[in-house]
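Observations on the model geometry
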Amino acid sequence: MRIMLANQYLQPVADLLTGMPLRAAQSRARSKLLTLVKQALARFGEDEYELVAEYAARDDQGNPVLDADGTFRLADPEQAGEFMTARTRLLESLAEVSGPTYDTHLADLKAMLDGYDGELFGQTAEAYDVLYDAITTAGGKDES
């Protein structure tokens, strides 16, 4: 299975999937997808850390200096615009969520989303929409 999701939606999609109350067969399809989304999220986290490390002030060991609240300071405050542009590009870039699953996994995921009757609003609704589109698009392609 292979779907494409913008990095900025990986966490909201993971949260959506985690919070869906489902029956056994649907839960299996969700669990397999959730595992793949979490793998993509870990890759994104590594990419985001590399980006931060490129712009952050560093300690004696070369690690980014983090404030108590987990934020970092730019090594050169004049590069704030450049950093924000690079971060926006990273957030908007597509992550490949893929891996071995089972033959009817995409169809099962689409049926799961079609039958979902939970309330959706805000970021959860947006995550549902993005995930639905990604699964629908992937289902229409030849999985060779």
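In what follows, the structure referred to is the one given above.
Figured I'd write up the structure that's included with this text. Here the structure is a predicted model, which means the values were calculated and not measured.

**A short note on the overall build of the protein**
- The helix and strand tally for the protein stands at five helices and two strands.
- Each helix and strand of the protein, ordered N terminal to C terminal, gives the series β-α-α-α-β-α-α.
- For the protein, the spread of C-alpha atoms along the principal axes amounts to about 50 × 35 × 25 Å.
- Out of the 144 residues in the protein, the part that is buried amounts to 35%.
- Look at the contacts in the protein between residues 6 or more apart in sequence, and 70% of them connect residues 24 or more apart.
- With an accessible surface of roughly 8700 Å², the protein has 49% of that area assigned to carbon and sulfur atoms.

**Concerning the side chain of Asn7**
- Take Asn7: it is sitting in the loop between β1 (2-6) and α1 (10-19).
- With a relative accessible area of 7%, Asn7 lands in the buried category.
- One polar contact links the side chain of Asn7 to the main-chain carbonyl oxygen of Leu90, over a distance of 2.8 Å.
- With residues up to four places along the chain from it excluded, the contact list for Asn7 reads Phe44, Leu90, Leu91, Ser93 and Ala95.

Definitions and limits used
- Counting from 1, residues in each chain are numbered in the order their sequence is written.
- For this predicted model, a pLDDT threshold of at least 70 governs which residues receive local features, and a threshold of 80 or more governs which side-chain atom pairs are given and counted, while totals over whole chains, interfaces and linings are taken from all residues.
- By convention in this description, side-chain values take in all heavy atoms of the structure and omit both hydrogens and water.
- Note on conventions: DSSP H or I runs of at least 4 residues are helices, E runs of at least 2 residues are strands, and numbering of each starts at the N terminus.
- For every residue, the accessible area obtained with a 1.4 Å probe (protein chains only) is divided by the maximum for its type, and the residue is called buried under 20%, exposed over 50%, and partly exposed between those limits.
- What makes two residues a contact is simply this: any of their non-hydrogen atoms within 4.5 Å.
- Shrake-Rupley sampling with a 1.4 Å probe provides the accessible areas, and residues are treated as covered by the protein chains on show and by no other component.
- Two N or O atoms form a polar contact when they lie within 3.5 Å of each other; inside protein one atom must be a possible hydrogen donor and the other a possible acceptor, and for residues adjacent in sequence the pair counts only when both atoms belong to side chains.

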